[in-house]
Amino acid sequence: MQRLVDDVLAVTKESVKTFTYESLNNIVRFINGVSAILLAFLPGKASILENMHGWELRPTFSGPRLPRWMENGVSSFNEFIHELSVDSDVSSIEYSSDEEFYDEDSTPSTPQSQDSRASSASRARSFSKHDRHQTRWIRLLFAWILWPLTFILGIPFRLWSTTPSTSGSHEPKLHPPMKFNFFKDPIIHRTTDRRRGVVEDLHLAIEIFIEAVFDIFHKAAHCILSPLETSRVLFRWFSSDESKNMESPDDGLDASVPTATLGENDPAPTERQTTFHQSLNTDARTCRDVITELGYPYEAINVVTSDGYVLLLERIPRRDARKAVYLQHGIMDSSMGWVSNGVVGSPAFAAFDQGYDVFLGNFRGLVSREHIDKNISSRQYWRYSINEHGTQDIPAMIEKIHQVKTSELKNSQPDLEEEDNNDEQPYKLCAICHSLGGAGILMYVITRRIEEKPHRLSRLVLLSPAGFHDDSTFVFTIVEHIVLFLGPFLAPIMPGLYIPTRFFRMLLNKLARDFQNYPAVGGLVQTLMSYVVGGDSSNWVGAMGMSHYNMNDMPGVSFYAALHLAQMKHAGKFVMYDYGNAAVNMEVYGTPQPLDLGEYYGLIDVPVDLVAGHKDKVIRPSMVRKHYKLMKEAGVDVMYNEFEYAHLDFTFSHREELLAYVMSRLLLVVPPPRKQTNQKALKLKKKDSSRFSTSKSFFT
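Residues numbered from 1 in each chain as written. Predicted model: local features only at pLDDT ≥ 70, side-chain atom pairs only at ≥ 80, totals over all residues. Heavy atoms only, no water.

Where an unreviewed UniProt entry is consulted, the protein appears under the name Lipase member k, with the organism given as Thalictrum thalictroides.

Quick look at the structure:
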């Protein structure tokens, strides 16, 4: 009787699981299908979605061949790491179909690299892939239609075939539910992706709930059908409780073993650190995690600005290098953007492999509110504009770079003391800045020149820099008028633009995973988000899935920074923040109106490379050309180039032509040569000092 009840409960449990799984799968299919129908009627989706699957924030399981700009400059260690990652990652991937992800040659490739070097073989394979996908969907459709019939006919077979493995077991071993086969078909699972989507969480929660409910029924049935064994267990419980009460407290302490200390004496290495975000499977990797996982060195430097904000300056160190590069991100971004494409597609790794000491800057503006005043209010923390980025954040980080580099080079190369007498910087520092970072670095250079302070930079490479925004989309124009009109009322109520609660930040992180799992839903979200920014075809869904948008922290933007951008757009000039009061402006700038930085472009004394994106609808090429025109008229050594890029492609794209161009501009800056005569001079000084010391000892 016990065995029959176990069989009935097991079959019922599997039936309930299958029914709930298929119901949830049908709902997801319905949502995906409706999204596909809506997507089919939306205009302009071809150009918007062309880069949708061109970037993913994870090291690729088979990286592309080394690009041209790395073939001669990559270090042997990082080349070994690259080859090792290609060999190891392929073996750990779970393939759901027999699709091939390699070209016919021996060089591995990714879907991104195949776009730039498509061959006739890949085009021929696309037909077979299409046929296999079509066959799979037809098979799934028939399986869904015929599922009730197969389920009813399979009940007798399940009752006859399910037998317990041992006589003492109370539950037979059954095959895993059908839902795993369905979800493994269209998805390539990578070991580096640590997220679960909302749908996957629902599957897991349903399975846990069903297991818990049927476990209660199973134990209840066992107690009813086996009263002797139940009474024996109850007697054992009561007797053990009485014996515990009779024992002394000391004996009880000696006999108890806390579960928290079970692994402390285990010599085997372990990385089990159970945290809340790990149980929820959100991706909370930092820039440090990405850099160290790829085998590169890492260093974190805390920088405190003059107004008390604590910034994180991250570094891929080459301590003896006499050429350094400083990379600064744009709005709602972080240093993660410069390393998100892995070892062969990221500007930070490209610069390091070319021999640069790489510094990754991070602007102020985090949900965690990093400040020396731990009790600072949200209203006080978010009270900053782009002025503070250019006059507080960047100066603090560059001065810290100068302090670190000068100290390290002096310790490793004592002959640099002779060069300091000529007030020469012992290293060359270039800056690569994107979007808002470009506006901030221009503001930094101009204000430092006005204050007659050194800016320590040798070259600027500005990727779609902000500053001029009068030629923008209709949506941005509406936002400009709303922000300017409601600014005095919204600033006290909403000082920062970010997701305030941990739950909604976690939900965003998980939804980004679902958008990647279900192409039609992700495509619809991508299209709608692209409409908001004027049809820009950047990978907005991929950017939303970046790991620095996690439940613990995320970058935000101050309302005053948004108001500053609206002021620039309204004025049609690259102006500093207008405080709305002539007296305050006079106190800050010395004039009743804020400074027009475009009028001071003549103070820029370093070469500038301006790069625009032909498909960039956030900062259009006409606005970048406005920078170029004013700099050219002011006599600045400036170059202009344009690529078929959207706004986020400057940091996220896998295509190598931009990296090749950026690296070629950096290589134009020659580091200061090491003077051979300094070592001879030091030797002569040592000899003279030794002679002086011996003569002094002689006279004494």
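1. Description of the overall build of the protein
In terms of helices and strands, the protein carries 27 helices and ten strands. When each of the 700 residues of the protein is scored for burial, the buried share is 47%. When contacts within the protein are restricted to residue pairs at least 6 apart in sequence, long-range pairs at least 24 apart make up 79% of them. Of the roughly 36,300 Å² that the protein leaves accessible, carbon and sulfur atoms contribute 61%. (Helix = DSSP H or I, 4+ residues; strand = E, 2+ residues; numbered from the N terminus. Buried < 20%, exposed > 50% of the residue type's maximum accessible area, 1.4 Å probe, protein only. Contact = heavy atoms within 4.5 Å. Areas by Shrake-Rupley, 256 points an atom, 1.4 Å probe, with all protein chains shown as cover.)

2. Quick look at the pattern of salt bridges
Enumeration over the complete set of coordinates arrives at 23 salt bridges. Residues Glu 399 and Arg 448 are paired through a salt bridge, measuring 3.1 Å at the closest nitrogen-oxygen approach. In this pair, Glu 399 is assigned in helix α15 (residues 386-412) and Arg 448 in helix α17 (residues 436-450), connecting sequence segments 49 residues apart. By relative accessible area, which is 11% here, Arg 448 ends up buried. (Salt bridge = Lys/Arg side-chain N within 4 Å of Asp/Glu carboxyl O.)

3. Some points on the confidence of the model for the protein
For the protein, the average pLDDT comes to 74, and 67% of its residues sit at 70 or higher. Note that pLDDT drops below 50 for residues 676-700; the model gives that stretch six contacts with residues more than four away or on any other chain. (pLDDT = per-residue confidence, 0-100.)

4. Structural notes on the environment of Ala 350
Looking at the secondary structure, you find Ala 350 in helix α13 (residues 347-353). You can call Ala 350 buried: its relative accessible area is 0%. Ala 350 sits eleven residues away from Val 339 along the chain, and the two C-alpha atoms are 9.6 Å apart.

5. Concerning the nonpolar core
The biggest cluster of nonpolar side chains holds 123 residues, and the ones touching the most others in it are Tyr 326, Val 358, Ile 441, Leu 460 and Ile 604. Beyond its immediate sequence surroundings of up to four residues, Ile 604 is in contact with Leu 442, Val 445, Ile 446, Met 631 and Val 636. Counting five residues, the second largest nonpolar core, distinct from the first, contains Val 5, Ile 210, Phe 214 and Ala 221. (Core = buried A, V, L, I, M, F, W, Y, C linked by side-chain atoms within 4.5 Å.)

6. Let's talk about the sheet that holds strand β9 (residues 608-613)
Taken in spatial order, the eight strands make up an open sheet running β1-β2-β4-β3-β5-β6-β9-β10, and their pairing is mixed. Looking along the sheet, the strands with just one partner apiece sit at the ends: β1 (299-304) and β10 (638-643). Pairwise comparison of adjacent strand axes, ignoring direction, gives a mean angle of 20 degrees for this sheet. Direction of pairing for strand β2 (residues 310-316) relative to strand β4 (residues 357-361): antiparallel, over a ladder of three bridges. Residue pairing for β4: Arg 315 is matched across the bridge by Phe 359. The strands touched by α17 within the sheet are β3 (323-328), β5 (428-434) and β6 (459-463), with β5 carrying the most contacts at an inclination of about 135 degrees. With respect to the sheet, helix α24 (residues 621-633) is in contact with β9 and β10, its orientation differing from that of β10 by roughly 165 degrees. (Pairing = 2+ DSSP bridges. Axes fitted to C-alpha atoms, helices over the stretch in contact; angles between N-to-C directions.)

7. A look at the side chain of Glu 207
Residue placement: Glu 207 occurs in helix α8 (residues 198-225). Salt bridges are absent for the buried Glu 207, whose nearest opposite-charge side chain, Lys 17, sits at 4.0 Å. In this structure the side chain of Glu 207 is engaged in a polar contact, spanning 3.5 Å, whose partner is the side chain of Tyr 21. (Lys, Arg positive; Asp, Glu negative; His and termini not counted. Polar contact = N/O pair within 3.5 Å; in protein donor to acceptor, adjacent residues only side chain to side chain.)

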